[in-house]
Amino acid sequence: GAQERLQALLAEQANKVCADCGARAPRYASTTFAVFLCNRCFGVHRGLGTHISKTRSVRSKTVRAMHICVVCRVHAGLAWASEQAGALLQRARV
């Protein structure tokens with residue numbers, strides 16, 4: 001099912017670290033940027049507002065696992081998502 005696909009996606013080497021800072025075992029996803037995030041970076045994205053970055057926990061029972069899988073699979077390997085997220089985070093920290 002969707003949870004198994006999400007777990008397989010998280011098991012891929014590129015998804016074992018936070019897309020923004022490189023911390024291990026990310027527990028959140030930004031479906032806007034199709035990246036996985038650690039707790040700290042999740043907080044930053046959440047603080048940006050949902051009009052900039054929609055975030056979801058990947059471990060929550062209420063998470064729409066299929067939505068995360070589809071979005072992240074579509075954008076997998078695209079550098080622009082990570083670059084755009086990094087640029088937004090830099091602006092948010094200033």
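Residues numbered from 1 in each chain as written. Predicted model: local features only at pLDDT ≥ 70, side-chain atom pairs only at ≥ 80, totals over all residues. Heavy atoms only, no water.

For the rest of this paragraph, the subject is the sheet that holds strand E1 (residues 28-30). The pairing of strands in a sheet happens through backbone hydrogen bonds and is either parallel or antiparallel. Pairing within the open sheet is antiparallel, and its three strands lie in the order E2-E1-E3. Of all the strands in the sheet, the pair left with one neighbour each is strand E2 (35-37) and strand E3 (55-57). For this sheet, the mean angle separating the axes of adjacent strands, direction not counted, is 30°. The pairing of E1 with E2 spans three bridges and is antiparallel. For Ala-29, the partnering residue across the bridge sits in E2 and is Phe-36. Contacts from helix H2 (residues 39-48) reach E1, E2 and E3 within the one sheet, and its direction differs from that of E2 by about 115°. (Pairing = 2+ DSSP bridges. Helix = DSSP H or I, 4+ residues; strand = E, 2+ residues; numbered from the N terminus. Axes fitted to C-alpha atoms, helices over the stretch in contact; angles between N-to-C directions. Contact = heavy atoms within 4.5 Å.)

This paragraph deals with the nonpolar core. Counting eight residues, the largest nonpolar core is built from Cys-18, Tyr-28, Phe-33, Val-35, Leu-37, Cys-38, Cys-41 and Phe-42. Of all the secondary structure elements, the ones that give two or more residues to this core are E2 and H2. Counting residues in hydrophobic clusters, the runner-up holds six residues, among them Leu-6, Leu-9, Phe-36 and Val-58. (Core = buried A, V, L, I, M, F, W, Y, C linked by side-chain atoms within 4.5 Å. Buried < 20%, exposed > 50% of the residue type's maximum accessible area, 1.4 Å probe, protein only.)

Moving on, we get to the confidence of the model for the protein chain. Per-residue confidence for the protein chain averages 78 on the pLDDT scale, and 65% of its residues sit at or above 70. Put simply, helix H3 (residues 65-75) is where the protein chain has its lowest mean pLDDT, 60, and H2 is where it has its highest, 95. (pLDDT = per-residue confidence, 0-100.)

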